[in-house]
Amino acid sequence: MDISVVIPLYNEEESLPELTDWIRRVMLSNNFSYEIILVDDGSTDKSWKIIQDLKKSNEQISGIKFRRNYGKSAALNVGFAATQGDVVITMDADLQDSPDEIPELYDRIMNKGADLVSGWKQKRYDPLTKTLPTKLFNSVTRSVSGIDNLHDFNCGLKAYRKDVVKSIEVYGEMHRYIPVIAKWAGFKNIQEQVVQHYPRKYGTTKFGPGRFVKGFLDLMSIFFVGKFGKRPMHFFGPVGVVSFLIGFFITIYLICEKLMSIANGTVYRNVTDQPLFYLSLLAIMIGTQLFLTGFIAELLSRNSSERNKYHIESVI
Ligand code: UDP
Ligand code: MG
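Once a new chain begins, its residue numbering starts again from 1 and follows that chain's sequence as written. Think of it this way: whatever chain is written first is A, whatever ligand is written first is 1, and the rest follow in order. Two thresholds apply to this predicted model, a pLDDT of at least 70 for residue-level local features and 80 or more for giving and counting side-chain atom pairs, whereas whole-chain, interface and lining totals are computed over all residues. Hydrogen atoms and water are omitted, and side-chain values are computed over all heavy atoms in the structure.

Under the annotation held in an unreviewed UniProt entry, the protein chain carries the name Glycosyltransferase family 2 protein and is attributed to Sphingobacterium bovistauri.

So, in structure tokens, the structure goes:
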């Protein structure tokens, strides 16, 4: 099979017939063999009923329904597991992404060596309150991840080589960072394609303004897990040791000073009257805690079933 289209959806009843119809037209006119996997993320409207009806008239359509709403990442993850196509395309269900982009996305994966192609909604039809923070979000993600050729990490329209979706895991709200996850998994050829973007035709957006706060926290987690996930002590250890040593040397200094002042019979003062005393106390405590955190994290990662999970590219 050439192409699997994975569509996560949450209460998108109005868009589904139009969207699947459009995808079908594009596939037929390009002679692609394909499947459409609709992942219903616990919709409370008639989406699932509509998917059942659509399946009756188009056997390329399959549906997966969650018992409750788990989020877009979860829907993508389950959709990815079900794919059979050589190229996997993801798109939003709200008709903001255009299926007309599929042939070019496919071509880039199959003929131009891309592992992952991310859409870029160069001209967006979203309110300014969304586009402005998104710019900031993208530039931070670019510099943290080192993927400097992407302008739009969170674009719902993306294409993947089959290996990519079968190797990566998307959870929490990590769908914003799939290119970063793919890069950590060793897929280097990440490309971008300018795509058409439309205003949302039906329904409303499913993500509020909280998306940006969560987004940045997730970016930090993904960076940390990618870099130190298998060796947390290398992160906590050095910082903890440095902090501890600072506190330790200040303490030595304070003791020496005390002894000198006693020996010289100079003005007597309590060690607690010294600001440095509190600083050393703090530094030692923070240092010890960081070190212990590193130790516990190390024990945790040793027990994790992921500890020896590596992505093998090929074996002969
Ligand atoms: N979505 C989902 N589960 C959720 C929230 C959203 O499957 O909990 C789907 C939604 O139905 C749509 C896609 O994710 O197909 C993108 O959502 P939306 O269009 O609301 O995001 P925006 O375009 O505002 O970034
Ligand atoms: Mg949308």
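1. Describing the site of ligand 1
Stated precisely, the cut-off is as follows: Whether a residue is near a molecule or strand is decided by its heavy atoms; if any one of them lies within 4 Å of it, the residue is near. Between N or O atoms, a polar contact is any pair within 3.5 Å; within protein, one atom must be a potential hydrogen donor and the other a potential acceptor, and residues adjacent in sequence are included only when both atoms are from side chains. For accessible areas, the Shrake-Rupley method is used with a probe of radius 1.4 Å. Any residue's cover is judged against the shown protein chains and nothing else. Three residue categories are used. Nonpolar comprises Ala, Val, Leu, Ile, Met, Phe, Trp, Tyr, Cys and Pro, charged comprises Asp, Glu, Lys and Arg, and polar comprises the others, including Gly.
Near ligand 1 you find 18 residues, and of these Glu12, Asp41, Asp94, Thr205 and Lys206 are the closest. In the environment of ligand 1, an oxygen atom lies 2.9 Å from a nitrogen or oxygen atom belonging to the side chain of Lys130. Within the contact set of ligand 1, an oxygen atom lies 3.0 Å away from a side-chain nitrogen or oxygen of Arg200. Isolated, ligand 1 exposes 530 Å² of accessible area, and the fraction of that covered by the protein chains is 94%. Broken down by class, the residue content of the shell around ligand 1 amounts to five nonpolar, four polar and nine charged.

2. Points about the packing of helix H5 (residues 128-145) against helix H8 (residues 211-228)
The criterion, for reference: Angular values range over 0 to 180 degrees, each being the angle between N-to-C directions of two axes fitted as lines to C-alpha atoms, with helices fitted over their stretch in contact. By the criteria applied, helices consist of DSSP H or I runs no shorter than four residues and strands consist of E runs no shorter than two, each listed in order from the N terminus. Note on angle classes: values under 35 degrees are labelled roughly parallel, values over 145 roughly antiparallel, values of 65 to 115 roughly perpendicular, and the remainder oblique. A contact between two residues is defined here by any heavy atoms of the two lying within 4.5 Å.
Orientation of H5 relative to H8, taken along the N-to-C sense of each, is 5°, at an axis distance of 11 Å. Considering their axes alone, H5 and H8 lie roughly parallel with respect to each other. Judged by residue contacts, Thr129, Lys130, Pro133, Thr134, Leu136, Phe137, Val140, Thr141 and Val144 of H5 engage Arg211, Phe212, Phe216, Leu219 and Phe223 from H8. When its residues are assigned to classes, the contact of H5 with H8 shows nine nonpolar, three polar and two charged.

3. Details of the UniProt feature "transmembrane region" (unreviewed entry) in the protein chain
So the rule is basically this: UniProt positions are given in the numbering used here, feature names are shortened, and annotations may be inferred rather than shown by experiment.
Here the UniProt-annotated "transmembrane region" (unreviewed entry) positions come out as residues 235-255 and 275-300. Secondary structure across residues 235-255 comprises 100% helix and 0% strand; the distance between its end C-alpha atoms is 31 Å. The span residues 275-300 is 100% helical and 0% strand by assignment, and the distance between its end C-alpha atoms comes to 38 Å.

4. Structural notes on the coordination of the magnesium ion (ligand 2)
Test applied: Excluding water, the donors of a metal are its N, O and S neighbours within 2.8 Å, or within 3.2 Å for Na, K and Ca, and that exclusion means sites may look incomplete. Buried residues are those whose accessible area, probed at 1.4 Å on protein chains only, stays under 20% of the maximum for their type, while exposed residues exceed 50% and partly exposed ones sit between those limits.
Listed as protein donors to the magnesium ion (ligand 2) are Asp94 (OD) and Gln96 (OE1); their distances from the metal cover 1.9 Å. What makes Asp94 buried here is its relative accessible area of 4%.

5. With respect to the sheet that holds strand S1 (residues 3-9)
In a beta sheet, neighbouring strands are held together by backbone hydrogen bonds and run either parallel or antiparallel to one another. Here is the rule we go by: A pair of strands is treated as paired once DSSP finds two or more bridges between them.
In space, the seven strands of this open sheet follow the order S3-S2-S1-S4-S6-S5-S7, with mixed pairing throughout. With partners counted over all chains shown, the strands left at the sheet margins are strand S3 (61-65) and strand S7 (190-194), one partner each. Mean inter-strand twist for the sheet, computed between neighbouring axes without regard to direction, equals 20°. Bridge analysis of strand S4 (residues 87-90) against strand S6 (residues 158-161) gives four bridges, and the strand direction is antiparallel. Following the sheet pairing, Thr90 is matched in S6 by Lys158. Each of S1, strand S2 (34-40) and S3 is contacted by helix H2 (residues 47-57), which is oriented at about 155° to S3, the strand it contacts most.

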